[in-house]
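What follows is each chain in one-letter form.
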Amino acid sequence: MTDYKNLKLIASSSPHIRSNEDTRSIMLDVIIAMCPALVVSVYVFGWRALTLTLVSVLSCVFWEWGYRKVMKKNQMVGDLSAVVTGMLLAFVCPVTLPYWMIVIGAFFAIVVVKQLYGGIGCNFLNPALAGRAVLLASFATAMTTWAAPGSKAPIFGSTADVVTAATPLAIMKEGGAEAFGELASTYGVGNMFVGTIGGSLGEVSALALLLGGIYLLARKVISWQIPVAYIATVALLSLISAPAGIGAVDYMAYSVLSGGLMLGAIFMATDYATSPVTKPGQLIFGIGCGLITCFIRRFGSYPEGVCYSILIMNCTTWLLDKYIRPTIYGAPKKEKKEAAAK
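Residues numbered from 1 in each chain as written. Predicted model: local features only at pLDDT ≥ 70, side-chain atom pairs only at ≥ 80, totals over all residues. Heavy atoms only, no water.

S.K.: Tell me about the overall build of the chain, residues and numbers included.
M.R.: In terms of regular secondary structure, the chain is built from 17 helices and 0 strands. Looking at the 342 residues of the chain, the share that counts as buried comes to 49%. Of the roughly 17100 Å² of accessible surface on the chain, 67% is carried by carbon and sulfur atoms. (Helix = DSSP H or I, 4+ residues; strand = E, 2+ residues; numbered from the N terminus. Buried < 20%, exposed > 50% of the residue type's maximum accessible area, 1.4 Å probe, protein only. Areas by Shrake-Rupley, 256 points an atom, 1.4 Å probe, with all protein chains shown as cover.)

Laid out in structure tokens, this is it:
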């Protein structure tokens, strides 16, 4: 029989259900998931893709360590969140971007967007995308100069001699049906899927990004709602709004596989701190990202809309969390409605 007199009871605060997962393990999974895209970027653009990523990562880690040191706060560098931000920031920049510019982007992402709001989990914008938006506004030429696939950028020195080329999205937006036909003959759907195209570091290979997404889904780091809703919305709108003279299916395939859609849907829109917590809210969030992306691509002056669509929807997350709440288990219907209305 149980000796109840000698039984030791431990009183502790919630949560009482514990897991081996923590912030560090989740961030490590995200880093692993991004490695295939990093390998492809090195293959397409040369070793500068790796060094630019390293500079971005080290800058983010330094700014986070320095800010918390100055403010006399506990160091959080070990949770690897700054490493993830640094990789994502590099992934949304061209390989020819000067190193000192990405250091500035890292400062804004870590100090202004993340730390000034309280650190990890308290920011309302995705830090890497906010850093990219600032870099694009400040250094538009450098942020829109794309190296042609296969042109290896030098690790050090000037990148002025690197062969540049327009991205598929830029050609699709400005060129019309004739230019789209030339684009399709140069880069087939297979090229778009594998990654032999120009663009930012992390967006050139849809296959590598999908492999990373499958890994994150298998590890239950992310759920399917946001990526599927986001990509499906863009695919559907592209299918029904193809310009005259361009095949609807071809236009949809190029719209989905080019640009930062896969990168944004899998790795950025799913950020825990800046996306809704409920499944219905995540579906609405993904659909909203897709709608804004297509609107910017079609009617805006900028050919890509992923960055701004996610940042805009980040600002609606609090609203979605407020009005789309999970029902209380076992509560009467009246109480459920009252809880949802508060």
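S.K.: Mind laying out the packing of aromatic side chains, listing which residues take part and the relevant values?
M.R.: The tally for this structure, following the rule as stated, stands at 6 aromatic pairs. Taken together, a centroid distance of 5.0 Å and an interplanar angle of 75° make the contact between Trp63 and Phe107 edge-to-face. In this pair, Trp63 is assigned in helix H2 (residues 48–70) and Phe107 in helix H4 (residues 99–114), connecting sequence segments 44 residues apart. In this structure Trp63 comes out as partly exposed when scored by relative accessible area, which is 25%. Aromatic pair Phe295 and Phe299: ring centres 5.2 Å apart, planes at 50°, arrangement tilted. You can see Phe295 and its partner Phe299 sitting in helix H14 (residues 279–299), 4 residues apart, about one turn around the helix. Among the aromatic side chains, those forming a connected cluster through ring pairs are Phe62, Trp63, Trp65 and Phe107. (Phe/Tyr/Trp six-rings, centres within 6.5 Å; stacked < 30°, edge-to-face > 60°.)

S.K.: An account of the environment of Gln115 is needed here, citing residue identities and associated values.
M.R.: Structurally, the position occupied by Gln115 is in the loop between H4 and helix H5 (127–138). Given the relative accessible area of 2%, Gln115 is considered buried. Sequence separation of Gln115 and Tyr67 is 48 residues, and the distance between their C-alpha atoms is 7.6 Å. Excluding residues within four positions of it along the chain, Gln115 makes contact with Glu64, Tyr67, Arg68 and Ile110. (Contact = heavy atoms within 4.5 Å.)

S.K.: So what about unusual backbone geometry? Which residues, and what values?
M.R.: One non-glycine residue with positive phi stands out, namely Lys72, at about 55°. Residue placement: Lys72 occurs in the loop between H2 and helix H3 (81–91). Residue classification places Lys72 among the exposed residues on the basis of a relative accessible area of 79%.

S.K.: Which residues make up the environment of Val111, and what values go with them?
M.R.: Its location among the elements puts Val111 in helix H4. Among the residues examined, Val111 registers a relative accessible area of 9% and is labelled buried. For the pair formed by Val111 and Gly66, sequence separation is 45 residues and the distance between their alpha carbons is 9.4 Å.

S.K.: I'd like a rundown of H14, residues and numbers included.
M.R.: For H14, with 21 residues, the first-to-last C-alpha span of 30 Å sits near the 30 Å given by 1.5 Å per residue. For H14, every residue scored as buried is listed here: Gly281, Gln282, Phe285, Gly286, Gly288, Cys289, Gly290, Ile292, Thr293, Cys294, Ile296 and Arg297. (Expected span 1.5 Å × (residues − 1).)

S.K.: I'd like a description of the pattern of salt bridges, backed by residues and values.
M.R.: Applying the stated criterion across every chain, the model contains 3 salt bridges. One salt bridge in this structure joins Asp29 and Arg219, with 3.1 Å as the shortest N-O distance. You can see Asp29 sitting in helix H1 (residues 23–45) and its partner Arg219 sitting in the loop between helix H10 (206–218) and helix H11 (225–240), a full 190 residues away along the chain. Its relative accessible area of 41% is what places Arg219 among the partly exposed residues. Of the charged contacts, one joins Lys114 and Glu64 as a salt bridge, the two residues approaching to 2.7 Å between their closest N and O atoms. In this pair, Lys114 is assigned in helix H4 and Glu64 in helix H2, connecting sequence segments 50 residues apart. The exposure class assigned to Glu64 is buried, which follows from its relative accessible area of 1%. (Salt bridge = Lys/Arg side-chain N within 4 Å of Asp/Glu carboxyl O.)

S.K.: Account for the side chain of Thr85, naming residues and giving values.
M.R.: Structurally, Thr85 can be placed in helix H3. Contact partners of Thr85, with chain neighbours within four places excluded, come to Cys60, Ala109, Ile110, Pro127 and Ala128.

S.K.: I'd love a proper account of a nonpolar patch on the surface, names of residues and values included.
M.R.: On the surface, Phe193, Val194, Leu207, Leu210, Leu211 and Ile214 cluster together into a nonpolar patch covering about 480 Å² of accessible area. You can see Val194 is positioned in helix H9 (residues 189–194). Among the residues examined, Val194 registers a relative accessible area of 45% and is labelled partly exposed. (Patch = residues over 30% accessible without salt bridge, like charges linked within 9 Å, V, L, I, M, F, W, Y side chains within 5 Å.)

S.K.: Explain the side chain of Ser200 to me, and be specific about the residues and the numbers.
M.R.: Note that Ser200 resides in the loop between H9 and H10. Assessed through its relative accessible area of 1%, Ser200 is described here as buried. Here Val92 takes part through its backbone oxygen, which lies 3.4 Å from a polar atom of the side chain of Ser200. For Ser200, the residues in contact, after removing those within four places along its chain, are Phe45, Phe91, Val92, Cys93, Pro94 and Trp146. (Polar contact = N/O pair within 3.5 Å; in protein donor to acceptor, adjacent residues only side chain to side chain.)

S.K.: Account for the nonpolar core, with residues named and values stated.
M.R.: The biggest cluster of nonpolar side chains holds 91 residues, and the ones touching the most others in it are Tyr230 and Phe267. Tallying contributions element by element places H1 first for this core, with 12 residues. Apart from the residues within four sequence positions on either side, Tyr230 is in contact with Leu261, Gly264, Ala265, Ala269, Gly286, Cys289, Gly290, Thr293, Val306, Ser309 and Ile310. (Core = buried A, V, L, I, M, F, W, Y, C linked by side-chain atoms within 4.5 Å.)

S.K.: Which residues make up the environment of Leu257, and what values go with them?
M.R.: Along the chain, Leu257 turns up in helix H12 (residues 248–257). Overall, Leu257 belongs to the buried group, its relative accessible area being 11%. For the pair Leu257 and Glu203, spaced 54 residues apart in sequence, the C-alpha separation works out to 9.0 Å.

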